[in-house]
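# Chains, contacts and geometry: an overview
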Amino acid sequence: MKKRFFSGIQPTGEIHIGNYLGAIQRWVELANNPEYEGILSIVDYHAMTMPYEAKELTAKIKEAATMIMACGIQPHNSILFIQSHVPEHTELAWIFNCNCTMGELSRMTQFKDKSQDRGESVWAGLFTYPVLQAADILLYKAQYVPVGEDQLQHLELSRDIARRFNARFGEVFPEPQALLGEARRVLGIDGDKKMSKSLGNTISLSESSQEIWKKLSTAKTDERRKRRQDPGIPTDCNIFTSYHRYFTGKEELATIDRECRCAGIGCMDCKKILAKNMETILSPIREKYYELKKDFSAVEQFLNASALRCHSIAQETMTEVRKKIGIRW
Ligand code: SF4
């Protein structure tokens, strides 16, 4: 039996290297590990928890699916589906809403962060979305969820919901475990904040090498290096900590670390090495992305086949759940 993991990504538009390094690269590694079976979702219902334009959502969903496939999530190693194509997610979320308290949801730090300064104008969906997350995971009885530290609180809530449901109605759900990977905090090219489209500090996976270089060449480095001969501290430089660390091999990374500290290398040369290394990893993804985008049928087929497979697993779980909670016999 393979170990099943579940993970989702919101269709927010362009997929950037923060998304790639923080989540998708890990999905691909796990998907290619024969011990695991990956169920991956573009969680469009979650995208509705904040104001959005209906016309743009379709394009964003397609964009996310195409780029995730281009990154290496493929029919032979994974399931990739659109959350709303399996309606059982919202059915189970409602049942879980009746197994979760206002107190528990009020303690979610992500809700506190996202709802800051918005008072009572926040959608109720933003408050209850950790319940929908629990439903996403438990619908497939996933044993594992690849998460970062910032998602642990929500995963703990999923575990509490599973435990409470099992205690009230009988054993149905496993308590999903965290698959904690290396914590990767990828800051934007401003070097100040987490990479985010809304902050305009991203490097998109679909950008050309010229566009990437334009951004890198003006990106902030260690402020100690005002002149070429000033030594720097790589761990105080976003170019090193957010990008070189993940795109550059160990030996070259050690050389850059050493040469930066003695001003043996200038920042422009250091950035050129980074641009070359990024290109090695990103150009095959970019090529595949444009190929899939030109003929969307391969993406569509993958999404449709995945939705069918997920629907069949979800129906099995819901047949069990409906009986346990007393609405079927
Ligand atoms: Fe950053 Fe590289 Fe410049 Fe050092 S040499 S400050 S690591 S860009």
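Residues numbered from 1 in each chain as written. Predicted model: local features only at pLDDT ≥ 70, side-chain atom pairs only at ≥ 80, totals over all residues. Heavy atoms only, no water.

### Quick notes on the packing of aromatic side chains
If you walk through the whole model with that rule in mind, you get ten aromatic pairs. Ring geometry for Phe96 against Phe173: centres 5.5 Å apart, planes inclined by 75°, an arrangement best described as edge-to-face. Note that Phe96 is positioned in helix H4 (residues 88-97) and Phe173 in the loop between helix H8 (152-169) and strand E5 (177-180), a separation of 77 residues in sequence. Judged by its relative accessible area of 2%, Phe173 falls in the buried class. (Phe/Tyr/Trp six-rings, centres within 6.5 Å; stacked < 30°, edge-to-face > 60°. Helix = DSSP H or I, 4+ residues; strand = E, 2+ residues; numbered from the N terminus. Buried < 20%, exposed > 50% of the residue type's maximum accessible area, 1.4 Å probe, protein only.)

### As for the site of the ligand
Every residue lining the ligand is accounted for by Thr221, Asp222, Arg225, Cys237, Ile239, Phe240, Cys260, Cys267 and Cys270. Of all the elements in the fold, those that place two or more residues in the shell around the ligand are helix H10 (238-247) and helix H12 (267-294). The residue makeup of the shell around the ligand, split by class, is six nonpolar, one polar and two charged. (Near = heavy atom within 4 Å. Nonpolar A, V, L, I, M, F, W, Y, C, P; charged D, E, K, R; others polar.)

### Focus: the domain arrangement of the protein chain
Domain assignment breaks the protein chain into domain 1 (3-186 + 295-325) and domain 2 (207-291). Taking only C-alpha atoms into account, the centre of domain 1 sits 33 Å from that of domain 2. In this complex, domain 1 contributes 15 residues to the contact, which on the side of domain 2 involves eleven residues. Of the roughly 1100 Å² buried between domain 1 and domain 2 on both sides combined, carbon and sulfur atoms contribute 70%. Applying the counting criterion to the domain 1 and domain 2 interface returns zero salt bridges. (Domains from an automatic or database assignment. Contact = heavy atoms within 4.5 Å. Buried area = accessible area lost by both parts, 1.4 Å probe. Salt bridge = Lys/Arg side-chain N within 4 Å of Asp/Glu carboxyl O.)

### Structural notes on the pairing of E5
Note that strand E4 (residues 144-147) and E5 share four bridges and pair parallel. Within the sheet, the bridge partner assigned to Pro146 lies in E5 and is Leu179. This β-α-β element, E4 to H8 to E5, shows right-handed connectivity. (Pairing = 2+ DSSP bridges. Right-handed = clockwise from strand over helix to strand, strands pointing away.)

### Looking at the packing of H4 against helix H7 (residues 124-138)
Two elements in contact, H4 and H7, have axes whose closest approach is 8 Å; the angle formed by their N-to-C orientations is 120°. On the basis of their axis angle, the class for H4 and H7 is oblique. With respect to the hand of their crossing, H4 and H7 are arranged in right-handed fashion. Note on element contacts: H7 touches H4 through Thr128, Val131, Leu132, Ala134, Ala135, Asp136 and Leu138, opposite His89, Leu92, Ala93, Phe96 and Asn97. Among the residues forming the contact of H4 with H7, the class breakdown is eight nonpolar, three polar and one charged. (Axes fitted to C-alpha atoms, helices over the stretch in contact; angles between N-to-C directions. Parallel < 35°, antiparallel > 145°, perpendicular 65-115°, else oblique. Left-handed = near helix turned anticlockwise from the far one by under 90°.)

### Focus on the state of the cysteines
The tally for this structure, following the rule as stated, stands at zero disulfides. This cysteine, Cys262, is not joined by any disulfide, and Cys260 carries the nearest cysteine sulfur, 8.5 Å off. (Disulfide = S-S within 2.5 Å.)

### A short note on the nonpolar core
Across soluble globular proteins, nonpolar side chains have a tendency to be buried as a group. Among the nonpolar cores identified, the biggest contains 57 residues, and Ile17, Ile24, Ile68, Ile73, Leu80, Tyr243 and Met278 are the most heavily contacted of them. Take this core: its biggest share by element is nine residues, from helix H3 (residues 54-71). Two domains each put at least three residues into this core: domain 1 (3-186 + 295-325) and domain 2 (207-291). For Ile68, the contacting residues outside a window of four places in its chain are Ile9, Ile15, Ile24, Trp27, Ile42, Ile73 and Leu80. One finds Phe127, Tyr129, Leu132 and Val321 within the second-largest nonpolar core, a separate group that totals 40 residues. (Core = buried A, V, L, I, M, F, W, Y, C linked by side-chain atoms within 4.5 Å.)

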